[in-house]
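Overview (structure and organization)
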Amino acid sequence: MVTTFKESKRDKLFLALNYLYLTVALVLVLYPLLYIVSASISSPQYVNTGEMWLFPKGFTLDGYKLVFDNPKIWNGYMNTVIYTVLGTLLNLVVTLPAAYALSRSDFVGRNLFMGMFLVTMFFNGGLIPSYLLIKNLGLINTMGALILPVAASVWNIIVARTFFHSTIPKELQEAAHIDGSTNMNLFIRIVLPLSMPIIAVMALFYGVSHWNSYFPALIYLNDESKYPLQMVLRQILVLQEMSAETTGAAISGDIAEAMNNKAEIASLVKYAVIIVSTLPIVILYPFLQRYFVQGVMIGSVKG
Amino acid sequence: MQQKRKGFALLVSATMLVGLLAGCGSSDNNKEGGASPSVEVSKEGFPIVNEKISLTMMAPDVGLQNWNNMAVLQQMEEKTNIKMVYNNAPKDSFETKKNLVFASGEYPDVFYAAGLTPAEQMNYGEQGILVPLEDLIEKHAPNFKKVLDENPGVRKSITAPDGHIYSLPVVEFNQPWYRNPMWYNGDFLKKLGYDKLPATTEELYTFLKRVKDEDANGNGKADEIPLSSVNLRDIRTWLLGAYGIYEEEIYVDDKDVVHYTPIENGYKEYLTFLNRLWKEKLLDQETFSQTAEQKKAKAQNNQVALFSDWHAYMTLGGEQSMDDPMFAPVKSDMVDAPVIAKNRGVTTGAFSISSSNAYPEASMRWVDYLYGYEGALLFNKGPEGTLWKYTDKASLTKEYLPVPGGGDREDYRATLTPNYGIPAPTISIPETSKGLLTEFDSWVENESKTKLLDKGARIPYPTLFLTAEEQAEVTTLTSDLTTYVRQMEAKFITGAEPMANWDSYIKTVNKMGGQRMAEIYQAAYDRWKES
């Protein structure tokens, strides 16, 4: 650290406390992550007894072996990538123009449209009407059911609108018009290249939500081959739940035996599966983080 | 729109047809569905239909194999000429999906292993969404009819208060356990020199105490957890028996009087006993917080003396062992002999037919096959020649074949048949597993026979339907009652609430409807008894 002036005692105290506080925060955040990584390569017996609490104990890679041998996980991975890429592209195509248009003061009826958007943030039809809607649109058991209903998020539109509002001045728009640019041209040639931060942020917001979503898949899909990764993970964890469910309740012997086997495998696989499914997003973060901070901050501070 | 109108005409005729067949004359059915009743359904033998038909089936799925690829279901399709289109939802979220489907107005033709609750059966039965099955059973289900004729109790248990049968049950008479049994750690017994199991609560206390004090696992540390449990749910029923109580909530005594357990005197004694165990650290101090996996981990660490599981080895780890004896119910001073609960053997809601099903007769014949020896065998053990073969077909004796690919037998079975971990419509017939039982299986059977069945185990309260009003009232009452009762149980046992407060506890429970619970179930029981 470069010190240009002498620190007073109070400054030093402040710094020390600051470091202490940050260290505590770091430990709080890091511990669960480390725990999961360690648990994924430890023998489940030690994990369950609590003997494994930080560093791996009874090292084993069986969990990962089981995960990677499971064709469903790969299929789920592929589906999730498809949903995430297609879904996010559609999200951007819908969100950015909407947000830009709503940010322009010369857009007639912007308040009306904004109001209409806002209503959907606070009121929605609920689960069963949504299901009926999707059913009547013929989207049940199609990939569209996971992409189309979530094409636009009003929250994200507002964030992007604020960004456009504060970073693209009206003068720029006027100058372009004087040079003979159409609105479409202006948006594609001038506004978009200036808006990389918000595009990255939007892509990340939407991408993560697609990656993590399972509820629409649960409700709308009947066909296993279309399940996204999160659904497959759930199914694996269900097996463990089933074994817990049998606690006390006598069922048939075949089931009890099966559950007994499953429980061991499930606790072995659980942590490996968490790692495998979150790793891609975790890896993606540092690369987008630059834009992430920039983008959100610009929108919020000046807006 | 056009199609809808056409559908409507068909719907009217379908409604009338179904009404006629079922003889129920329910009037305001407004459901969709196109009937093509031209297909001939053969009375007996296979295929069931001469022309291939297709039905949709909704079922929970444990996610180990796509149902389209299951050998058993493929064989079934070939045999019956009925193609099932599977509409699966993962088992853990099946309830959500089931409710959505009922709300959506577009129903699958049949529900398989859907676990329809009595309330759902009555509700959707009255709305005409589920078809009454009694006439179909009469005409098209020889196997299931035989089950009903041989066990009149089953018919009573599956008939709704309006006189209709809306679902077929899981019938399981060979499995006597109401809850998973409790098991002793055989090594501990030997170490402490027990050749006779504790027979009274006092003896049980002494045993647990000795486990703790005399270092039963011999590691020099007093780390023994004499009695371990997850939330008490797994051991409650067994211990209540010592105080003359059959079940944790509702039971009927030998004089046909129904009791609500949490307000019984015996229940108080049970709490007192467990409180004593708790204070002396004989009951696992993590009973109310741990998971089943954690309990198992402790047992595998050789710390636990008494616990509940399907088989002892599942908790203790290792191979199947006949050295860990089953817990023989103990008695207190209150009673002459412990009472023991036995499995009801009948679970309703395993199979239903919806009103949009155009082929109810064919569907009934399809499922009826599963209630016969052949069908039950196929669905529960897989096709002949894969995991088992006959050694003597005349006496139905079989033997296991090595698992193809050498993996786990149960895992492999799960890829063959849907009857794995779900409440599927079936019946357990002793002949199904003839020759397949190991020495261990026979030992377990003998343990339950001598320790439970011969000691007078019986069903605590029969499977029966409450009326819609009763059901509604019970649902409202239990949601609060159960929470309060379980909370207080934990408090009394851990000592957070002194036993001196028992009277005010009783007052609160009765204010919340404890006594009323007993009355409702008494009325239902009296009806059941008379019918």
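Residues numbered from 1 in each chain as written. Chains lettered and ligands numbered in written order. Predicted model: local features only at pLDDT ≥ 70, side-chain atom pairs only at ≥ 80, totals over all residues. Heavy atoms only, no water.

**Brief notes about the UniProt feature "transmembrane region" (unreviewed entry) in chain A**
The UniProt record annotates "transmembrane region" (unreviewed entry) at residues 12–37, 81–100, 112–134, 146–165, 186–208 and 268–288 of chain A. Structurally, residues 12–37 of chain A comprises 100% helix and 0% strand, and the distance from its first C-alpha atom to its last is 36 Å. (UniProt positions renumbered as here; feature names shortened; annotations may be inferred. Helix = DSSP H or I, 4+ residues; strand = E, 2+ residues; numbered from the N terminus.)

**Some words on unusual backbone geometry**
For residues that are not glycine, phi is negative in most cases, and the peptide bond is trans in most cases. All names here are of chain B. Omega for the bond connecting Phe-46 with Pro-47 falls within 30 degrees of zero, at -5 degrees, which places this linkage in the cis form. When you line up the elements, Pro-47 lands in the loop between helix 1 (2–22) and strand 1 (53–61). A positive phi is found at Leu-232, a non-glycine position, where the angle reads about 70 degrees. Considering the arrangement of structural elements, one finds Leu-232 in the loop between strand 6 (225–227) and helix 10 (236–240). For Leu-232, a relative accessible area of 0% puts it in the buried group. (Buried < 20%, exposed > 50% of the residue type's maximum accessible area, 1.4 Å probe, protein only.)

**Digging into the confidence of the model for chain B**
All names here are of chain B. Averaged over chain B, the pLDDT score is 87; the fraction of residues at 70 or greater is 93%. Per-residue pLDDT, averaged within each element of chain B, yields its smallest value for helix 1 (47) and its largest for strand 3 (residues 110–112) (96). Here residues 14–35 scores under 50 on pLDDT; set against residues more than four positions off or in separate chains, the count is 33 contacts. (pLDDT = per-residue confidence, 0-100. Contact = heavy atoms within 4.5 Å.)

**A look at the sheet that holds strand 5 (residues 182–184) of chain B**
All names here are of chain B. The sheet built from three strands is open, its strands ordered 5-9-6 with mixed pairing. Taken across any chain shown, the strands that pair with only one partner, and hence form the sheet edges, are strand 5 and strand 6. On average, each strand axis in the sheet is inclined to that of its neighbour by 30 degrees, with strand direction left out of account. Strand direction decides the pairing type here: strand 6 and strand 9 (residues 304–308), joined by two bridges, are parallel. Within strand 9, the residue paired with Ile-225 across the bridge is Val-304. (Pairing = 2+ DSSP bridges. Axes fitted to C-alpha atoms, helices over the stretch in contact; angles between N-to-C directions.)

**A closer look at the packing of helix 18 (residues 468–494) of chain B against helix 20 (residues 514–530) of chain B**
Residue and element names in this part refer to chain B. Across the interface, helix 18 lies against helix 20 with an axial gap of 10 Å and an inter-helix angle of 145 degrees. Helix-helix and strand crossings are classified by hand; for helix 18 and helix 20 the assignment is left-handed. Here helix 18 contributes Glu-470, Glu-473, Val-474, Leu-477, Thr-478 and Leu-481 to the contact with helix 20, which in turn contributes Gly-514, Arg-516, Met-517, Ile-520, Tyr-521, Ala-523, Ala-524 and Arg-527. (Left-handed = near helix turned anticlockwise from the far one by under 90°.)

**A few points about the packing of aromatic side chains**
Any pair of aromatic rings gets described here by the distance separating the centres and the angle formed by the planes. Tallied over the entire structure, the rule returns 41 aromatic pairs over all chains. For the pair A:Tyr100 and A:Phe187, a centre-to-centre distance of 5.2 Å together with 35 degrees between the ring planes defines the contact as tilted. Remark: A:Phe187 occurs in helix 10 (residues 183–194) and A:Tyr100 occurs in helix 4 (residues 71–103); sequence separation between them is 87 residues. By relative accessible area, which is 10% here, A:Phe187 ends up buried. Members of the aromatic cluster, connected to one another through ring pairs, are B:Trp177, B:Trp183, B:Trp310, B:Tyr313, B:Phe440 and B:Trp443. Between the NZ or CZ atom of B:Arg276 and the centre of the ring of B:Tyr205, over which it lies, the distance is 3.8 Å. The side chain of B:Arg409 reaches across the aromatic face of B:Tyr400, ending 4.2 Å from its centre. (Phe/Tyr/Trp six-rings, centres within 6.5 Å; stacked < 30°, edge-to-face > 60°. Lys NZ or Arg CZ within 6 Å of the ring centre and 35° of its normal.)

**Observations regarding the packing of helix 9 (residues 170–178) of chain A against helix 10 of chain A**
Residue and element names in this part refer to chain A. Direction vectors running N to C along helix 9 and helix 10 enclose 135 degrees, while the axes themselves pass 10 Å from each other. With respect to their mutual orientation, helix 9 and helix 10 come out oblique. Judged by the sense of rotation from one axis to the other, the crossing of helix 9 with helix 10 is right-handed. Each of Leu-172, Gln-173, Ala-176 and His-177 in helix 9 lies in contact with helix 10, whose residues at this interface are Asn-183, Leu-186, Ile-190 and Leu-194. For the contact of helix 9 with helix 10, the class distribution of residues is five nonpolar, three polar and no charged. (Parallel < 35°, antiparallel > 145°, perpendicular 65-115°, else oblique. Nonpolar A, V, L, I, M, F, W, Y, C, P; charged D, E, K, R; others polar.)

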